[in-house]
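What follows is each chain in one-letter form.
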Amino acid sequence: KPIESLIGVDKIRDGGQVFVDGEVTRALRHAASDPDTLHVIVFDEFDHAPAEIQSDFHGLVEGRDYTLPSGEVLPNHGNIRFVLIQQPDQGVLHG
């Protein structure tokens, strides 16, 4: 599922449940460990993402912390920027 590759997913390992980060949660953790550096995440064709993904990322894009399903909070330290790219309507030139 697309949301799992971005946010992460619970998996069973060694008889226990563990959370495996997705691309965005990994980036949030990296940004938190390096607060003096600006980090950029680019979402290409964000307008084609499922509503579940768009909804999940709305707060992040606005600069809020992200709470995982487990209750763990990944803080947004203000050093991460999101670039959301959408495809223009076909047949219409923008510029």
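Below is a summary of the structure that appears in this document. (Residues numbered from 1 in each chain as written. Predicted model: local features only at pLDDT ≥ 70, side-chain atom pairs only at ≥ 80, totals over all residues. Heavy atoms only, no water.)

## Thoughts on the nonpolar core
For soluble globular proteins, the rule of thumb is that nonpolar side chains tend to be buried together.
Then, number 1: In terms of nonpolar packing, the biggest core is built from 18 residues, with V24, L28, F43, I53, F57 and L60 touching the most fellow members.
Then, number 2: Looking at this core, the elements that each hand over two or more residues are α1 (2-6), α2 (23-33), β3 (39-43), α3 (51-61) and β6 (80-84).
Then, number 3: Residues within four places of L60 in sequence aside, it is in contact with V24, L28, Y66, N76 and F82. (Core = buried A, V, L, I, M, F, W, Y, C linked by side-chain atoms within 4.5 Å. Buried < 20%, exposed > 50% of the residue type's maximum accessible area, 1.4 Å probe, protein only. Helix = DSSP H or I, 4+ residues; strand = E, 2+ residues; numbered from the N terminus. Contact = heavy atoms within 4.5 Å.)

## Description of a nonpolar patch on the surface
Then, number 1: On the surface, L38, V40, V42, V83 and I85 cluster together into a nonpolar patch covering about 410 Å² of accessible area.
Then, number 2: Take V83: it is sitting in strand β6. (Patch = residues over 30% accessible without salt bridge, like charges linked within 9 Å, V, L, I, M, F, W, Y side chains within 5 Å. Areas by Shrake-Rupley, 256 points an atom, 1.4 Å probe, with all protein chains shown as cover. Salt bridge = Lys/Arg side-chain N within 4 Å of Asp/Glu carboxyl O.)

## Some thoughts on the pairing of β3
Where a strand is regular, its side chains alternate between the two sheet faces.
Then, number 1: Side chains of β3 alternate between two faces, with H39, I41 and F43 buried and V40 and V42 left unburied.
Then, number 2: Pairing analysis gives five bridges linking β3 to β6, with the strands arranged parallel. Residue F43 lies in a different strand from β6, and its bridge partner there is L84. (Pairing = 2+ DSSP bridges.)

## Here's the deal with unusual backbone geometry
Then, number 1: Of note in the backbone geometry, D14 takes a positive phi value of approximately 50° without being a glycine.
Then, number 2: With respect to the element layout, D14 can be found in the loop between β1 (8-13) and β2 (16-21).
Then, number 3: At E45, a position not held by glycine, the phi torsion is positive, near 55°.
Then, number 4: Here E45 falls in the partly exposed class, since its relative accessible area comes to 36%.

## Considerations on the pattern of salt bridges
Then, number 1: Inspection of the entire model under this criterion finds three salt bridges.
Then, number 2: Between R29 and D21 there is a salt bridge, and its shortest N-O distance comes to 2.6 Å.
Then, number 3: Using a relative accessible area of 22% as the deciding quantity, one classes D21 as partly exposed.
Then, number 4: Among the salt bridges present, the one from E72 reaches R29, with a minimum N-O distance of 2.8 Å.

Structural measurements only, silent on function.
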